[in-house]
Each structure stands twice: as C-alpha cells, then as structure tokens.
Amino acid sequence: MDLLEVLHLDELSHGLANLSMFPYFDMAHYIVSVMALREQPGALEVSRVSPLACWFSSMLFCFGGAVLSGIMLAEPPVAPLSNGTSVLLASIIWYLVFYCPMDLVYCCAALLPLRLVLSGMKEVTRTWKVLGGVTQAHGKYKDSLLVMIAIGWAKGAGGGLISNFEQLVRGIWKPETNELLKMSYPTKITLIGAVVFALQQTHYLPVQKHHLMLIYTIFTVVNKSRMMLTGSSASPFAAFESAIYKTLFTGSSPYAALTDEVTKACIDNGTSKMTTSPTTTKESSENGVSGKHTPVSPNKGRSGSLKAKEESENTETTSCKKTD
Amino acid sequence: MDLLEVLHLDELSHGLANLSMFPYFDMAHYIVSVMALREQPGALEVSRVSPLACWFSSMLFCFGGAVLSGIMLAEPPVAPLSNGTSVLLASIIWYLVFYCPMDLVYCCAALLPLRLVLSGMKEVTRTWKVLGGVTQAHGKYKDSLLVMIAIGWAKGAGGGLISNFEQLVRGIWKPETNELLKMSYPTKITLIGAVVFALQQTHYLPVQKHHLMLIYTIFTVVNKSRMMLTGSSASPFAAFESAIYKTLFTGSSPYAALTDEVTKACIDNGTSKMTTSPTTTKESSENGVSGKHTPVSPNKGRSGSLKAKEESENTETTSCKKTD
Amino acid sequence: MDLLEVLHLDELSHGLANLSMFPYFDMAHYIVSVMALREQPGALEVSRVSPLACWFSSMLFCFGGAVLSGIMLAEPPVAPLSNGTSVLLASIIWYLVFYCPMDLVYCCAALLPLRLVLSGMKEVTRTWKVLGGVTQAHGKYKDSLLVMIAIGWAKGAGGGLISNFEQLVRGIWKPETNELLKMSYPTKITLIGAVVFALQQTHYLPVQKHHLMLIYTIFTVVNKSRMMLTGSSASPFAAFESAIYKTLFTGSSPYAALTDEVTKACIDNGTSKMTTSPTTTKESSENGVSGKHTPVSPNKGRSGSLKAKEESENTETTSCKKTD
C-alpha cells in the first residue's frame, strides 16, 4: 500500500513539476493580484483619475517579483515587459477587473467558490516562482545560500516586498510600515519556501526537487484555502515564531517585559514622532558616531535612561510608559 | 509643386537627421532645464545651503533620461558622468544660472525671445533622445514594442518621471503626485513620440524615420512656441484624451458620475489622508488577500458601500460626498 | 635622518598597503557600524519588534558602500551577500550588540578606550574601500575622473549616502534632510579621499599610491581620535569650506545677506512647508516650463519678489523676513 501511495505521489509530483503555468495558472495569478489591488483603499479612485497609474500598479502587482529579482541580480527590470503575451493577458485582466460594464468580472471572481479555486491556482504559481528564483541565483552564485534565499524570496513575494513603492505610484506613502517590519502571511510562506528550496538545491535537505515542490504546493494551497474558508488570518507558524523570538531575541533587557503588542504600538505611534524629536542629536551615519555616544548602562540604570528616552519620544504612547 | 515641396522637405528631414546635438542644442537643453529647476519653489534656498545638492539636482534635470533608461536596461546609471565634456558644459551652465554676479545669465535667458529660441532647440533634442532610446531598446529587445516605448519615453522624459526622487535630493517629498497620476505636457508629448517611433521601428507605421523625425520635431517645436507665446497650458490632446477616457475608462460604475475635477480633488485631498485612515485593515499584499475581502456588490448597493468607504476615508472631501 | 624617516615611512606605507582588512579591521568596522545603528532613535524598539528588519538595517550599515557602488555600476547589489564569511561575521556581531544577555558586548565596546581603538581601525578600512571603489571604476571608465570619484565616494560612505532608505527599512522617513544637503563628517572625509585617490590614479597627483594611503589613513585616524577624545564635532575643513563658499557660491544676490544659519533655518522649517504652499503653481518638470515662468528681475526688484515669495512660503520663519 505504502509503495503504491508513494508511486502515485511520485507520479503526481512529476506531473506537477512538468505542469506549465501558462496560461491558466498565470491567469489565476493575474486575476487574484489585480483583485487584491482593487480592494486596496483608494485604488478605484486612482483607476478613474489615471488609468495609466492604475495599469502600472497592476503590472507591479503581477510582475513585481520578476522586477525585484531582476534589480537584485542587475538584470534589466524591463525584461518582464518583453514577454508580450503575458503582459497582454495581464492587461486584459486588469481592464476587465477595473472597467468591465456592470463590474461583471470582479463580482463573479469575488464569489467564494471561484475565488477559492483562483487563489489555490495562484499558490501553485508561487512554487514555480520561488523555485525559478532559487535556480536563477544558483546559476550565478553557485554556493551562496543567502543569495539563493534572497532571490527566491524576491521572485515569489516581490510585489509585497516593493509595496511601499507600488503605493507611491498611486500617490500613497506609508513609511511607517513595510514587509520587513510587519510580514504578511504570503511573504512569510514565500520566505520559508525560498529557504527550503535553497537548502534542497545545495543538498543540505535530502529531498528530491519534485517531491519538495509537491509538499510545498500542497501545504500552501491547503493553508490558503483554510484561511479563506474560516476567514481566519492566524498564521500556522505563530507558535513556532513565538518560541524562536522568546529564545533568541529578548535577552535580559527591560524590553523583555514589553509584550509584542505594546512594542508594536510603540512603533505604530512612536516611530513617526521620533523624526521630530529634539533628542535625535546623536543620530549618526553608517561610518561611526560623530563624537557623541551614549552607552546604555546595564539593567536598572538602562531601564531609567530608556524610560526617559521613551518619555521624551513617545509622549502619547502611555502603554510604553506603564510597562517600562 | 508637390514634388518640389517633397524634395525640399526630404532634404530638410535628412539635414535634421544628420544634425549634431552637441554643442548648441545640448547647451539649450541644459540652460532651459537648469532654469526650470531654478524656478521650482525652494531651489534658490537649496543653492545657497548646499551647492552640491543643487548641482546634483541640476544634473538629474539635465541627464535624468539617460540615468533612468540606464537603470531600466541594467546599464550603469553613472554612465552619463563619464561624458566629461557634457557634464562640464552642464556644470558651467548650472553655475552661471545660479551664481552669476548680478544674475546676468538667468535674466538674459529668461527674456521671452531668447527663451523661446532655447525652448525650441530643447524640443529638437527631445526627438533625438526619444529616438535614441527606442533604437537602444530595439538593439536589446528586437520585437518588444512595449520595451521600446518604455525606454524611448524614459530617455526623453526621464527627468520628469523621476521628479519625486529629484525633489528628495532637495529635501522635498510630495508622494501625493507623480507624472503617472498627473502627466505634464512634456511627459505626454514624449510618450506619444516614443509610441510613434517604436511603431515606425517595428514597421507598423509605414513612414521613413527621417520624415517622422521632421514631422515630430516640427509638431513639438510649434506647440511649445504656441504655449509660450499665448501663455496657455492647454494640451492639444485634451479632446482626444477626453474621448478615449469616456469610451474606455468609465464603464457603468457610479464613478461615471464623478467629474474629472472632483475625482482629482479626491486624490489631491484624500489620498494622503488615506494613509492615516483606520479603515485600511483590508490592505493586502500582491500575493492575495490575507483572508478578508469585501466583494463590491453591483450598482446601487455598491454606491452605498463605496459611499460609506469614501465617507470614512475622505471626511474632509465634501465634494466626493455630494457627488456620490 | 630624513632618508631614514622616509625609509621607515616607506616600509610602513608598504606594510599598510599589504595589510589584510579581514578579519580584525572588518570586525571593527562591523562593531562600530552596528553600534552606530543601535544608538539611532528607535533602533532598539525595531530590534524587538522585527529582528529581521533590524538585521537588514545592520547589513545596510555594514555593506551599504558595496551595495550602492554595485547599483551605480550596474553590478548585482546582492553581491555582498555572496561573501558568506563576512555576512556571517557581521550577523554574529549584530546579534551580540543587540541581543547579548546583560548587554555585555555593547557596554564593553562602548567604553571609550576600546571604542577609540575600534573607530581607528574602522578608519583604516575606509582607505581600503575608497581605493577599492576608485580602482574598480578606473577599470571600467579609464579616463573618467568624475566616475572614479563617485564610485570611490559611494564605496567608502555608501551607508551614509543611502541613509534615507536605510531608515525607511526601520519605518522612519525624513525627507527634509540627506547627506547631500547636510554632509556629515564621515561623508566629507570620504569625498576628499575619493578625490585625492582619483587624482592619484589619473596621475594628476604625483604621489605614489601607498604613500597616499598612509597619509590619508593617518589623517583620518588622527582626526577621528581627536574628535572622540575632545567630544568636538567641529570639522577640520570648516575654514576652507567657508572660504570656498564665500568666494564661489554667494554671488551678489540678496541671498549673500543671508547668513548660513538663517538659510539653514529656512530649509529646516520652510522646505517641508513648501510642499503645501498654494504658490507652487509654477512648479515645472525637467522638460521645460509648462508655459508660465516668472523671470526674476535684478537686485532690488528681485529682493522684493523674493521677499514676497519667502513671506508666502515661510510665514513661520521670521528670521528670513528680518534678514531680507
């Protein structure tokens, strides 16, 4: 029985590995991406004010990964534009989602059953993109695990990683948040994929490529479907992340007392205010302190100086003051 | 008679095609560009606070097209710096326009007759830059019309397209507007040039290159002169743009009721406020909705939900509320 | 005696030229850089909220020069990531500086004697980076002095030059200032180094390379130590800069009456407000004025129009009004 199962899975994984993304899976990716753009605040207004800006944004949503990985590898960022068929397909989908009479296309695609199928197909393209990025990086930097992870991640989640600049195209600028400060689920799952595929490529992970593709694809599709059906955005890695964080990244500083939410509140409210704080005189560039430096003294003394620093910088963030 | 005219025009177009931009036309381009920079709010103060930042801005105004097209084609963006003679010429002009005793150079060049001639000569360089970009892209991506248009556009209007980042050099940041959201006349005319030259290069437009160069140059020079003499900034394409917009980009959504000005006002006032809106929770990255999605229901129902969305996001934009 | 001194210095300069930066000098550079990041406002909070964003920022501090010079020369910006040993070393140092139990590493390294030694060693790496950049540029653009200076400067002070974008990673955005508008000491000293090494490379400066390396290194180390010991941030070039500025960049405009501090205050307070000024209608893009232009009339008349412009733009900057 096991052997049969294995044989079936093996056939399935080979079949998946040889599957072509074009045109159906790519189409699903474009539809889901453009719908995600449309649901962003202000996107509909931009589509009426400037169809060109709206189209450019949509292309960044659809091809952001290829653009970002191209920039990172010093390859022309316009290369995705040269694939005329894909760009035409994405443009037609963009037009139908934003400007279809009676909003027919968007309304149909937004119905849960169809959206579920399209999102599942989009998750399949994620595997291809991550693997493509890892392979491309492996070709240029044979032994560099970090480069492979970076390019695989960029290719699979590029659109999210460049979201600040995609929003800038639409006239929106939100510097207080980005995908590194607050990683969304798709970006996380892509990073994990990039890590496992890079480990497999460099033979640290003793799994065959097509098996790994199958496992990863099933995992992403199942998770995505679960999240859409339950309406939950709880990450399946929350417990693992929490454990890693508590073990490695809290040390014995007074910040260990700050909960995740409180610190996030400090960032959400305080970070932007820090830019106008008069106490930013010790700001220094990469190449060393300009002569002034304030060594932070251990535990209790540090609590004191950090509290003073926080009070002057985050006067409206009462939760920080209470906790520290 | 017709044949003679044609012969003369043919000679003229050949003459134009063989004309060298260096040094007089390039000089005119540098003078007009640096004067345009000088007339920007705050530019004079920057020239006194930091001549280096002012010089860097001027170089972006003068060579922005070459820098942007270089970035897009993964060619070194410092390449324009290697043309020592051009950079030296542009730097001398920068110095004279900003720091000449008695402000002699600026005042003379600002006199209408001279400014008219210089602007006309600058328009001639536009043809060269657009054509240069289209040809350069054609060399790398033989059949890609989109890439040729993109590179031709970037090379001809690069300075305008990167204006957000050029302003950043001077300490100014205006994310609520950019050349895609609100295209200025020079950027529009360059885009049109890029399209026609790309169509000609790929033989979709059955016109000879030097004839097209002559027609385009005459068109841009005449329009520019007209606009400067009448003081009008009315685009010659306004009617055509309006027709295209009404046909393709209004659909049957309630937004069809919004006039262009009202929607623009929404963007001008509302977009920046959207960054602080508490209702931006459904913001999602490129790779799919995080689990929440709000399908927009057809016509009337949509008016309701969109109105509610607008009211929560644009509380100060009364014009939007009244219209919707 | 002189010959002996020269011989000793010659041996010393050869010794310095053949010194390897890895691992001790590189380590010192990483430690000082990460400590500088840690002392930035808000960096500790970011390290608790998002270790990944903190790590990425640290890598930009440590390898920012290589990244920026790579971008400028169209070489892959991920190339520094491929040097696994350096990245691992920098990452370990990042972890120890931010998360060491009892904050041991930071507190020890912050003690003045040790910090002095580490900063001195970091200054030695500056020489290598500037020279490396100049040589790399010389390989691609044999005769271009400007390109060599630009790449040498980028490689030596890249982290400071890209500080706006490094801060963006941490959720901070301060567009009103950058290293071109207000150059910090490290960026200045690196620019000077890039100029002298480029002049030496192109044989305009008749000094041998290893002698120049020794002189420059001694100069930077001594200055840095002096500034750290005296707690003074006064630039050694202040008098020279002032002379150059008064000679070349004041002309006979009414701005000559504005002191440096007043103009800086205008920038500090006024520039950000200019973005909302209603009088910014004459803003134009690179490619020429859109039809409106306001020629500035000479001296007295100009004082009047500039005063009016200032009053409307900088209503809160009373110092500007009083001076003009």
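Residues numbered from 1 in each chain as written. Chains lettered and ligands numbered in written order. Predicted model: local features only at pLDDT ≥ 70, side-chain atom pairs only at ≥ 80, totals over all residues. Heavy atoms only, no water.

## A closer look at the overall build of chain A
Working step 1: A tally of regular secondary structure across chain A gives 15 helices and zero strands.
Working step 2: Across the 324 residues of chain A, 55% fall into the buried class.
Working step 3: Accessible area for chain A stands at about 13500 Å²; split by element, carbon and sulfur atoms hold 68% of it. (Helix = DSSP H or I, 4+ residues; strand = E, 2+ residues; numbered from the N terminus. Buried < 20%, exposed > 50% of the residue type's maximum accessible area, 1.4 Å probe, protein only. Areas by Shrake-Rupley, 256 points an atom, 1.4 Å probe, with all protein chains shown as cover.)

## Quick notes on the environment of methionine 59 of chain B
All names here are of chain B.
Working step 1: One can find methionine 59 in helix α4 (residues 51–72).
Working step 2: Sequence separation between methionine 59 and histidine 210 is 151 residues; the distance between their C-alpha atoms is 30 Å.
Working step 3: Not counting residues up to four positions away in its chain, the partners in contact with methionine 59 are Gly64, Val87, Ala90 and Ser91. (Contact = heavy atoms within 4.5 Å.)

## A look at a nonpolar patch on the surface
Working step 1: On the surface, a nonpolar cluster with roughly 260 Å² of combined accessible area is contributed by Leu88, Ile92 and Leu96 of chain A.
Working step 2: Relative to the assigned elements, leucine 96 of chain A resides in helix α5 (residues 84–99). (Patch = residues over 30% accessible without salt bridge, like charges linked within 9 Å, V, L, I, M, F, W, Y side chains within 5 Å. Salt bridge = Lys/Arg side-chain N within 4 Å of Asp/Glu carboxyl O.)

## Some details on the pattern of salt bridges
Residue and element names in this part refer to chain B.
Working step 1: All told, the structure shown has 18 salt bridges over all chains when counted by the stated rule.
Working step 2: Of the charged contacts in the structure, one is a salt bridge between arginine 38 and aspartate 103, with a shortest N-O distance of 2.5 Å. Here arginine 38 is found in helix α2 (residues 24–38), whereas its partner aspartate 103 is found in the loop between α5 (84–99) and α6 (104–109), with 65 residues between them in sequence.

## Some thoughts on the confidence of the model for chain A
Residue and element names in this part refer to chain A.
Working step 1: On average, residues of chain A score 80 in pLDDT, and 75% of them are at 70 or above.
Working step 2: Overall, residues 254–324 carries pLDDT values under 50, and its contacts beyond four positions in sequence, including any with other chains, amount to 132 contacts.
Working step 3: On the interface metric, ipTM, the complex scores 0.78, and its pTM is 0.79. (pLDDT = per-residue confidence, 0-100.)

## Describing the nonpolar core
Working step 1: Judged by nonpolar contacts, the single largest core of 202 residues is most densely connected at Phe98 and Phe197 of chain A, Phe98 and Phe197 of chain B together with Phe98 and Phe197 of chain C.
Working step 2: Ignoring any residue separated from it by four or fewer positions in sequence, one finds phenylalanine 197 of chain B in contact with Thr127, Val130, Leu131, Val134, Leu212, Met213 and Tyr216 of chain B.
Working step 3: Leu168 and Trp173 of chain A together with Leu168 and Trp173 of chain C belong to the second-largest nonpolar core, a separate cluster that totals six residues. (Core = buried A, V, L, I, M, F, W, Y, C linked by side-chain atoms within 4.5 Å.)

## Some points on the packing of aromatic side chains
Working step 1: Considering all chains together, one arrives at 36 aromatic pairs over all chains under this definition.
Working step 2: Ring geometry for tyrosine 95 of chain A against phenylalanine 249 of chain B: centres 6.0 Å apart, planes inclined by 70 degrees, an arrangement best described as edge-to-face. You can see tyrosine 95 of chain A sitting in helix α5 and its partner phenylalanine 249 of chain B sitting in the loop between α12 (238–248) and α13 (260–274), one on each of two chains.
Working step 3: Overall, tyrosine 95 of chain A belongs to the partly exposed group, its relative accessible area being 24%.
Working step 4: A relative accessible area of 14% means that phenylalanine 249 of chain B is categorised as buried. (Phe/Tyr/Trp six-rings, centres within 6.5 Å; stacked < 30°, edge-to-face > 60°.)

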